[in-house]
Amino acid sequence: MVSRPLAIAGVLTLLVAGGVGFALADTGTVAPSTNSTVSVNADATVERAPDRATVAVAAVGRGETAEAARNNLSGDADAITSALEDEGATVTSSRFQIRPEYEESRDGREQVGYVAIHTVEAETSNVSTAGTLIDAAVDAGADRVEGVRYSLSEETRQDAREEALTTAMDNARTDAEVVAAAEDRSVGDAVTVQTSNHGRPVVYAEAMVADAGGRTNIQPGEVTVDASVSVTYELE
């Protein structure tokens, strides 16, 4: 006898719950969730003129033996170093190697001797003098230009990165607002932010030409600093 009222109460509970569900479905009203969010990704790129230049030059020697190759080096590394330093550059590295040299033919690969290479790298904050550094090194005995690369000082790079991140965050909020407006919502505070940076922190000289006086002239390109952000915003 006790079980019947309990069974009836159970049925009433289900009916009431079902009635509430029906009312919500009938009106189409859904209360906004306090933790609704929207996540977006955005990028930004900033360009800066390089304020660092690194020049790599080498003296090369060849011979039938390793000793002969070393003795036949076209220039002395100390003389090349001094010439670069006299032009105001800072020598950052000096590398020496000797390796076998081979000649390819239809009959196969044959060793023809040895090659010695002494490479010197120098850096300057006066990027317009990169061509002058090359000329000074060649005059001192270097006979190979390994390359010229341009980059940003830490201060300039950090300034560019901050600008790129600020722009990326502005872009992210704009995108989030477009998405939110499509659902008649507005964007609140950022809940999470993740950042990354990439791009070309170093550019290499693509062409070196001689001016009217026969000296080397190089025109560097811009260095790009990219920033990406992934942001999650609250929806209001």
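Please read these numbers as outputs of a predicted model, since none were measured by experiment.

### A closer look at the packing of aromatic side chains
What the rule picks out here adds up to 0 aromatic pairs. Between arginine 109 and the ring centre of tyrosine 102, over which it is positioned, the NZ or CZ distance is 3.8 Å.

### A closer look at helix α3 (residues 77–86)
An α-helical turn contains 3.6 residues, so any two residues separated by three or four positions project in the same direction. Among the residues of α3, those classed as buried are Ala77, Ile80, Thr81, Ala83 and Leu84. Take α3 and look down its axis: the buried residues cluster within an arc of 160 degrees, on one side only. Every exposed residue of α3 that faces more than 90 degrees away from the buried side is listed here: Asp78 and Asp86. Contact partners of the buried residues in α3: β2 (52–63), β3 (90–105), β4 (108–124) and α4 (130–139). N-cap assignment for α3: the residue whose side-chain oxygen lies 3.1 Å from the backbone N of aspartate 78 is aspartate 76.

### Description of the confidence of the model for the protein chain
Scored by pLDDT, the protein chain has a mean of 82; 78% of the residues are at 70 or more. The element-level mean pLDDT for the protein chain is lowest in helix α1 (residues 3–27), coming to 34, with helix α5 (residues 154–182) highest at 95. A low-confidence stretch, residues 1–33 (pLDDT under 50), is modelled with 3 contacts involving residues beyond four sequence positions or located in other chains.

Criteria and cut-off values
Residues numbered from 1 in each chain as written. Predicted model: local features only at pLDDT ≥ 70, side-chain atom pairs only at ≥ 80, totals over all residues. Heavy atoms only, no water. Phe/Tyr/Trp six-rings, centres within 6.5 Å; stacked < 30°, edge-to-face > 60°. Lys NZ or Arg CZ within 6 Å of the ring centre and 35° of its normal. Buried < 20%, exposed > 50% of the residue type's maximum accessible area, 1.4 Å probe, protein only. Helix = DSSP H or I, 4+ residues; strand = E, 2+ residues; numbered from the N terminus. Arc of directions from axis to C-beta. Contact = heavy atoms within 4.5 Å. Polar contact = N/O pair within 3.5 Å; in protein donor to acceptor, adjacent residues only side chain to side chain. pLDDT = per-residue confidence, 0-100.

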